[in-house]
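# Descriptive analysis of the structure
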Amino acid sequence: MVEDSDQNYGRNVNKSVLLKIVILGDGGVGKSCLMSRFISNHFDDHNFHTIGVEFMNKMIEVGGKQYTLQIWDTAGQERFKSLRTPFYRGTDICILAYAIDDRSSFNNIKTWLNEFLHYAGVKNGIEKFPFIVVGNKSDVSSKDREVSYEQLKQWCEENKIATYLETSAKTDNNVLEAFSLSVQRWADLEQKAEKELRMYHHPDTVTLHGSNNVTGFRATCCSRFTSL
Amino acid sequence: MRKVQEVDDSFFEKFGSILKQASQKAALEESTPLAPLKEVEEQDGEQKAVTDVSESRSVTRDSDSGNETLLDTDSEHEDSEKLDYYVEAVGWNVDELYLEILYEILHNVGGCDVGCEVGAQAMLSYVQEAFKISNEKHMELLTQAEAKEPPELMLNVEVIEGKDLVPKDPSGLSDPFVTIYLMSNTSHRYNTSVKSGTLNPVWEEHFSLPMPGSLQEDSLCLEVWDFDPAETVKEKMTKIFEVKDVKGLRKLMKEIAITASTGKHDNELIGTANIPLKSIPAGGMVMWLNLSKKSKLRRQGVVKVRFNFSSEKNSQVAAQEHRHLLRILLLHELESSKVAPYWWCGNFSAAAEGVLTQHAAQSGLTPLEDRLSQWVVFCSVTPDHPLSFALFTSLLDKLAKPLQSGLVNEEDRKLFWDGAKKLLPTCYSHVRKLRKKTAGDKTVMKTLREVLRILHKLSVMDVPESIDLFPTNLYGWLRNDEKLTIHEVLNQAAIQGASDWFVHILDNNECKDKTEESRLQHLIRVIQLVRSDLQRAVEYFDRVFVEVMSFPYSKVLYGVYEDKIASLVEPEVIQVCKSMKRLRYSEGSTNSVFLAGGLNGETGLGATEVGSEPLAMGTTLFELYLALQRFLTLGQGLNETEWQNYSISKFHSWFYGGVAQWLDIAAYKALTRIEKAIELDNLAPVDANVKYSSSGVDTLAIFYQIKIFWQQLSWPDVEGCYAFVAKIIDDICRCCVFFAERMSGRVEGAGSVTSVYEERFEVTTEWCVAINNIDYVRQSLTPFVAELGMDDIINRMCEARTPLEAQRCKETLQNVLANAIDTVKNKIAELLEIMIKKMMPSITRFLVEGAELLHQDCSSMDRVMRYLEDNLDTLYHHLNNENFSRTLDIVWEQLGEVLYELIQANLEHRRAKIGRYIDPRRLTKSAAAVVDAKRRPPAFFHNLHECLKIMVRSFRQDNKETFTSETLKRVEYLLKLHGMETRELIHQYHLERWQEQQAVTEPKMGLLTVRAQFVEDNLKIEIMNARNLMPTDSNGLCDSYVRVGLLPEDTFANVEKPKTQTHSKNLFPLYDEMFLIQLSSSQVNTTNGLIHLVVKDKDMFSVSNTFVGEAYLHFSEVVHTNAPISSLPQQHLPLSRPANIDGDAIKALESRQGDKQAREFLKKQRQKMPSKQFFSLG
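Each value, and the rule that gives it
- Counting from 1, residues in each chain are numbered in the order their sequence is written.
- Chains carry letters and ligands carry numbers; both start at the beginning, A for chains and 1 for ligands, and go up in the order they are written.
- In keeping with the model being predicted, local features are shown solely for residues with a pLDDT of at least 70 and side-chain atom pairs are shown and tallied solely at 80 or more, while totals for entire chains, interfaces and linings include all residues.
- Only hydrogens and water are removed before side-chain values are computed, so all heavy atoms of the structure are retained for them.
- Helix and strand labels come from DSSP, where a helix needs a run of H or I of at least four residues and a strand needs a run of E of at least two; each type is numbered from the N terminus.
- With a 1.4 Å probe rolled over the protein chains alone, any residue whose accessible area is under 20% of its type maximum counts as buried; one over 50% counts as exposed, and the rest are partly exposed.
- In this description, contact between two residues means that some pair of their heavy atoms is separated by no more than 4.5 Å.
- The method behind every accessible area is Shrake-Rupley, applied with a 1.4 Å probe, and residues are considered shielded solely by the protein chains displayed.
- Here pLDDT means the predictor's own confidence in every residue, given as a number from 0 to 100.
- The rule for pairing is simple: two strands pair if DSSP sees at least two bridges between them.
- Every axis corresponds to a line fitted to the C-alpha atoms, with the helix fit spanning only the stretch in contact, and the corresponding angles, defined between N-to-C directions, vary from 0 to 180 degrees.
- Whenever a carboxyl oxygen of Asp or Glu lies within 4 Å of a side-chain nitrogen of Lys or Arg, that contact is scored as a salt bridge.
- The labels follow the angle: roughly parallel below 35 degrees, roughly antiparallel above 145, roughly perpendicular from 65 to 115, and oblique for the rest.
- Two helices crossing with the near one rotated counterclockwise from the far one by less than a right angle form a left-handed crossing, whereas a clockwise rotation gives a right-handed crossing.
- To define a nonpolar core, start from buried Ala, Val, Leu, Ile, Met, Phe, Trp, Tyr and Cys residues and group those joined through side-chain atoms within 4.5 Å.
- Expected span of a helix, by definition, is 1.5 Å for each gap between consecutive residues, and there is one gap fewer than residues.
- Each residue is assigned a bend, namely the angle between axes fitted to the seven residues that terminate at it and the seven residues that start at it.
- In this scheme, patches are assembled from residues that exceed 30% relative accessible area and form no salt bridge. Like charges are connected within 9 Å, while nonpolar side chains (Val, Leu, Ile, Met, Phe, Trp, Tyr) are connected within 5 Å.
- Within this scheme the basic residues Lys and Arg register as positive and the acidic residues Asp and Glu register as negative, but His and the chain ends are omitted.
- Lys charges are placed at NZ, Arg charges at CZ, Asp charges at CG and Glu charges at CD.
- Pairing of aromatic rings covers Phe, Tyr and Trp, the last through its six-membered ring, and needs centres within 6.5 Å; plane angles under 30 degrees mean stacked, over 60 mean edge-to-face, and all others mean tilted.
- Charge-over-ring contacts are defined here by two conditions on Lys NZ or Arg CZ: a distance within 6 Å of the ring centre and an angle within 35 degrees of the ring normal.
- Residue type decides the class: Asp, Glu, Lys and Arg count as charged, Ala, Val, Leu, Ile, Met, Phe, Trp, Tyr, Cys and Pro as nonpolar, and the leftover types, Gly among them, as polar.

A count of helical and extended segments in chain B gives 36 helices and 18 strands. Residue burial in chain B is summarised as follows: out of 1178 residues, 55% are buried. In chain B, of all internal contacts separated by at least 6 residues, the share reaching a separation of at least 24 is 76%. Just so you have it, chain B exposes about 52300 Å², and 51% of that area is on carbon and sulfur atoms.

This is the structure we're talking about:
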């Protein structure tokens, strides 16, 4: 009972886990819309470009744990490349977005993936980093659809990305789910990495001293341990 | 230097203040006027590398570029050709010209000029030398010349004007005319026209007088007359009205008198002048002659006359001959006098002057023809033997007007422009090679001015169609084949000069090796050199160019340079930025730093991996940036309107990658340095006035340097500004959080006191300093962001984009900042909590031991009080108010938790969780007993309760805030309960029930309606009726009655408990009974007294009656009045039954298993439980 008492001074409960998320994808696939739908449950049809980056944060509960998501929305236009890439460093979760009615945005996912891998310095392989591929604008009519769900699935399997989803920021379909799913993916990879580490290092004991050679096994480029 | 900076070799200082200082120094240097360049030849080994230009170098380059050589050979070639052409055209060879000259010398004309002084013999030997004629030949030709006839010479006289003539007419004016004649031939007179009614006549009339043989003795006579035609007296009389003054009147009268008396008319002499012919120089002269009159002493006025001699030679031939001569003499002069290039300004030696003057005079050349000849010859000579430009300007001054006014025939115009054609390359070459001259040197500036004047004068003249002023063979560097104006070519010359200079700079400043560092240094050097050149242009040359030619020299230069620099630097910078190594923080280091990535994670960012320095070029890249920035500023000054078109105006965009990369590296370096700073920190305040320590200061220093770095960049593009600032804020946030985490780790072990008897934690100043440090860093965030220019960025964004977008950006920046501040605040709170938790075991132990002693006075709590006081005092003195009150909040919270645990343990009869705070082996015996959680007597809790109250009084300055924590409020209540006597507790239970009843909105067990009042010391109560009673009998009905009791029971032990009649088989019984209960006055005033109304079912067959429901009426709900009870409002009380045992009071009672009173009471209450009843029924 007392453990739940909320006597903190900041906006956030400090017991929550902070996760940094970046959303990448071609201009116009609805990255900003996904974010504002998620943050404020609001859909703005106004057509503007993100300048460089935008930042918002939000609390979310996944699997009974509190997370504070720090979301960096990026500008998809090429001319903003040097303005957005500095923000990749230290990312915990990467959301790769395309629009299902735009084939080329889907084809570019690979480019985005590579850009992210390069600038974020992810080293341990795609399968150990929580990526999620999101096909936005699932509300469009079937005749406008250019990328099928099967293609998404196939692509992700080929590229060793375990989580993918079709969403609609406009109709609020799967948006919260996408974020939850990515956080869940993060938590799973984290747990797995921790376990591997224990197995590898001290099969008998589970003593962990902070940072000792942890990184080689961590899932993320900025992996972490919750305190024991 | 502080030790902490060694960890990254002063990384931040280098990019912050040191870079700034360097750049300020560079800017200062650039803004100081340059020392004048030394003459090229003297430059070897000069101090300033800018001037490190050796002549041989530049010659090499020139010949490499090919233009100069082309220019030189071509012009030379053409000249020799020209010479032959002249000789042919004239039809003479040098011998014949020489013969002519000798003849002229022998027949010298004119008197007192140079030729005269030099003497014929000197002139003869001079020409022999100049013409390079052998003695033999000379003698032969001289004999020929002596045999020739004397020349037929004419004296040309131009009577130009007269001034201040003496008035001869009555009107005060004259009608003057001039007569001239030679004394040797007085009969041959020449008269000018009459200018009537003036004392300042202008004649401008020419006369040619044949020259006599005896030139030396003869003289010219000049007379000025007033013309006076025959007039009648009457005509004279009409003039009377024109008479101006008394003098005039007298003159008129005299005139009239003469006319009247003689009837004769005559011209009146105004004055005469006499000029000996020998006083007229052979080159001619213009002079003012004084007029005199025999009878008069005073001056009669002056007349301006021009004299010169001429022959009857063919003027074309004479001019060509003259040019030829001029050229021969000039070349000889230049050769013999060894005059420096550009120095000869038209002064021949006396002998040469004599020869030339004689020739001009004897050939009858007009001054214009003479000057034209000079122009043509000088122009043709100057490409090989540069002459003073001033010479040309002064010639142009005299030639321009006649040329433009059409006085010069077509052929001569062509000659003039052919000359100009030869002169122009030298002029442009001067402009192109301005850099070889000494800018500060007066003569150079003068020369430039002369050159530009020549260009200007030529540019305003009309060039004949047939002339191609800029033949391509002379102007290899001209870009355009179109017909160009002098202005356009000047522009190209300036451009070409700059381009050549740029090539020259590059040739002379090769980078030593291919490392990025030296490549960048090289670029900076090039920019500096170019800048020096521009600066020289701005400081010295620009003024002259603008003044004379309205030509924006510096601006043109800048245009050339900026483009060249841009195309040189851009690919290099982009390449360097690209090749900057990305940091791999996450690899193999044991000395890893937490949290490079996320905020609560860890990442090994070891120093080993970064060992290969990712910023190998150090600050050089940004020095280059700043050099470009200053270079652009210069351009903005030169071209205020269109500088945006310069390719260099986008220079910052080349650095995007570099800046991004730098920020990335800086973030890493900052973390590393913070780690070091904390390691080195002794956690003692840096001085007596502050409460933070060195690592706080060091961390802020990092932020400060990052800020300086950013401010220096003064990034021009607002979008970039925004994104970078967002990045910086985010990184700084990470630094803050990292600092907070490291700081927590740093103090972890501090403050524990270990002795044989106990292990105790004491709050130390280290803890406070650590907390203050974090807070100090946190507080710096908002001003830091402000200083990064956030507001300015938003404003600019608003202008550049839309307000909506600006708003979004603003929100992002604010979010990032707020997020950072929140996170750090949470870190502080976390640390405070850790600290307080460390205090809790001691507090718990002291509390427990004190409470165990069962003393009613509070001295048993002295130890806990002293402990708290000591520690809180430390905190109070070192923390700021905000953090101190935060600390108190946590203290109370933790205290609440501990106390709650004690109570819970007692209730649940289990080992208290507080065991986790304390090692039981270290506790005193009695304290250890606490942990074993035996049942506590009420006094134990009572003591704790008292202690809590004292603590609250002692440590809460503001009572209003008391028990803001819900936990603490509850704990306080529970302590109160558990500290109560059993009877008190029982009454507390009833009060709780009464409170429950107050909360009932929908009565499920019926309503009881009563009226009650206190009349003096008596309670008067009317039980009126009940509604919707719960059926208790099998017939679904109820045989009910109501019993009235007063609580607490022991207070009202002597008071009767009346009951109503039983109303059978009725769920809506009307009792309508009134009771008067006699009470003592103290009983009436019982605090929390309750009227307990119990409805029961009368059961005929059972021993006890069945409980139906109960209701409470608090004494406070009963009015004290003497009014009739019927006037009072009815009170509808919902009936209820005890539901289950979950109230605090009943739990407390339950815990008192050893207490009979409690046990029995509980038993009774259980019987009332509905479930039991129904169960029994079932």
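Still more to cover.
Residues and elements named next belong to chain A. Model confidence for chain A is summarised by a mean pLDDT of 79, while 79% of its residues fall at 70 or above. Confidence drops under pLDDT 50 across residues 1-14; counting only partners more than four residues distant or on other chains, this segment forms 33 contacts. Confidence drops under pLDDT 50 across residues 205-228; counting only partners more than four residues distant or on other chains, this segment forms 76 contacts.

The next subject is the sheet that holds strand E1 (residues 17-25) of chain A. A sheet is described by the order of its strands in space; here 6 strands give the open sequence E2-E3-E1-E4-E5-E6 (chain A), paired in mixed fashion. In the strand order of this sheet, the two ends are held by strand E2 (53-62) and strand E6 (163-166) of chain A, each with one partner. The sheet shows a mean angle of 25° between the axes of neighbouring strands, taken without regard to direction. Of the strands in this sheet, E1, E2 and strand E3 (65-74) of chain A are in contact with helix H23 (residues 718-747) of chain B, which crosses E2(A) at around 40°.

Okay, the pattern of salt bridges next. Overall, the coordinates contain 33 salt bridges over all chains when judged by the stated rule. In this structure, B:Glu13 engages B:Arg673 in a salt bridge whose closest nitrogen and oxygen atoms are separated by 2.6 Å. Pair noted here: B:Glu13 is in helix H1 (residues 11-31) and B:Arg673 is in helix H21 (residues 656-680), with a separation of 660 residues, a long-range link. Take B:Glu13 and B:Arg673: they sit in the same class, and that class is buried. One salt bridge in this structure joins B:Glu547 and B:Arg449, with 2.8 Å as the shortest N-O distance. Highlighted residues: B:Glu547 in helix H17 (residues 516-549) and B:Arg449 in helix H15 (residues 442-459), separated in sequence by 98 residues. Given the relative accessible area of 24%, B:Arg449 is considered partly exposed. Among the charged side chains, a salt-bridge network with shared partners connects A:Arg79, B:Glu719, B:Arg801 and B:Glu805.

Residue and element names in this part refer to chain B. At a minimum axis separation of 9 Å, H17 and helix H19 (residues 620-638) run at an interaxial angle of 20°. The pairing of H17 with H19 is recorded here as roughly parallel in orientation. Crossing of H17 over H19 shows left-handed handedness. Here Glu517, Leu520, Gln521, Leu523, Ile524, Ile527, Val530, Arg531, Leu534 and Val538 of H17 lie close against H19, whose contacting residues are Thr620, Leu621, Glu623, Leu624, Ala627, Leu628, Arg630, Phe631, Leu634 and Leu638.

This part takes up the nonpolar core. All names here are of chain B. In terms of nonpolar packing, the biggest core is built from 282 residues, with Phe131, Trp375, Tyr428, Leu458 and Phe655 touching the most fellow members. Top contributing element to this core by residue count: helix H26 (residues 803-852), with 20 residues. Setting aside its immediate chain neighbours within four residues, phenylalanine 655 contacts Val573, Cys577, Leu621, Leu624, Tyr625, Leu628 and Trp715. One finds Ala1026, Met1030, Val1095 and Leu1113 within the second-largest nonpolar core, a separate group that totals 33 residues.

Bringing helix H14 (residues 410-432) of chain B into the picture now. With 23 residues, H14(B) ought to run about 33 Å at 1.5 Å a step, and its terminal C-alpha atoms sit 33 Å apart, in line with that. For H14(B), the principal kink sits at B:Leu423 and spans about 30°; a proline, B:Pro425, occurs within the next four residues.

A few words now on the environment of B:Phe1115. Residue and element names in this part refer to chain B. One can find phenylalanine 1115 in the loop between strand E16 (1106-1114) and strand E17 (1119-1120). Overall, the relative accessible area of 6% leaves phenylalanine 1115 in the buried class. With near-sequence residues (within four places) excluded, phenylalanine 1115 lies in contact with Phe1014, Leu1046, Phe1052, Gln1083, Val1084, Thr1086, Gly1089, Leu1090 and Ile1091.

All names here are of chain B. Taken in spatial order, the 4 strands of this open sheet run E3-E2-E5-E6, and their pairing is antiparallel. Edge positions in the sheet fall to strand E3 (185-191) and strand E6 (268-276), since each of these pairs with one other strand and no more. Here the strands of the sheet are splayed against their neighbours by 25° on average, with no regard to which way each runs. Relative to strand E5 (residues 219-226), strand E2 (residues 176-182) runs antiparallel, the two sharing 7 bridges. When the sheet's bridge partners are listed, valine 178 is paired in E5 with valine 224.

Residues and elements named next belong to chain B. Taken together, the side chains of Arg1043, Lys1057, Lys1059, Lys1098 and Lys1164 present a region of like positive charge at the surface. Position of lysine 1164 relative to the elements: it lies in helix H35 (residues 1156-1168). For lysine 1164, a relative accessible area of 48% translates into the label partly exposed.

Before going further, it helps to spend a moment on unusual backbone geometry. Between B:Leu1047 and B:Pro1048 the backbone carries a cis peptide bond, its omega angle lying at 0°. Mapped onto the fold, B:Pro1048 is located in the loop between strand E13 (1040-1047) and strand E14 (1070-1078). Here A:Asn174, not a glycine, exhibits a phi torsion of approximately 70°, which is positive. Looking at the element boundaries, A:Asn174 is found in the loop between E6 and helix H6 (175-201). A:Asn174 gets classed as partly exposed once you look at its relative accessible area, which sits at 23%. One non-glycine residue, B:Ser550, lies in positive phi territory at about 50°. In this structure, B:Ser550 sits in the loop between H17 and helix H18 (553-579). On the basis of relative accessible area, B:Ser550 is assigned to the exposed category, the value being 58%.

All names here are of chain B. Along E16, 8 of the 9 residues are buried, which leaves the element largely enclosed by surrounding structure. As defined by bridge partners, strand E15 (residues 1090-1097) adjoins E16 across 8 bridges and the pair is classed as antiparallel. Paired with leucine 1093 across the strands is alanine 1111, a residue of E16.

Aromatic ring pairs are described here by two measures, namely the spacing of the ring centres and the angle between the planes. Taken as a whole, this structure holds 42 aromatic pairs over all chains when the rule is applied. Judged by centre distance (5.8 Å) and plane angle (85°), the rings of B:Trp375 and B:Phe392 are edge-to-face. With B:Trp375 in helix H12 (residues 367-381) and B:Phe392 in helix H13 (residues 389-404), this pair connects stretches of sequence that are 17 residues apart. Judged by relative accessible area, which is 0%, B:Trp375 ranks as buried. An aromatic cluster is defined as three or more aromatic residues linked by ring pairs; in this entry it consists of B:Tyr625, B:Phe651, B:Phe655, B:Tyr656, B:Trp710, B:Trp715 and B:Phe724. Across from the ring centre of A:Phe38, 5.6 Å away, lies the NZ or CZ of A:Lys58, which sits over that ring. Between the NZ or CZ atom of B:Lys1059 and the centre of the ring of B:Tyr1041, over which it lies, the distance is 4.6 Å.

This paragraph deals with the side chain of B:His990. The topology assignment puts B:His990 in helix H32 (residues 982-999). Not counting residues within four places of it along the chain, the set of residues in contact with B:His990 comprises B:Leu1047, B:Leu1090, B:His1092, B:Tyr1112, B:Phe1161 and B:Gln1165.

A word on H15(B). In an α-helix there are 3.6 residues to a turn, and that puts residues three or four apart on one side. Spanning 18 residues, H15(B) covers 25 Å between terminal C-alpha atoms, matching the ideal 26 Å at 1.5 Å per step. For H15(B), the complete set of buried residues consists of B:Val444, B:Met445, B:Thr447, B:Leu448, B:Glu450, B:Val451, B:Leu452, B:Ile454, B:Leu455, B:Lys457 and B:Leu458.

This part is about the packing of H15(B) against H17(B). All names here are of chain B. Two numbers describe how H15 lies on H17: the axes approach to 9 Å, and their chain directions differ by 25°. Relative to H17, the element H15 is oriented roughly parallel. Handedness of the crossing formed by H15 with H17: right-handed. On the side of H15, the interface is formed by Met445, Leu448, Arg449, Leu452, Arg453, Leu455 and His456, while H17 contributes Tyr540, Phe541, Val544, Phe545, Glu547, Val548 and Met549. Classifying every residue of the contact of H15 with H17 gives 10 nonpolar, 1 polar and 3 charged.

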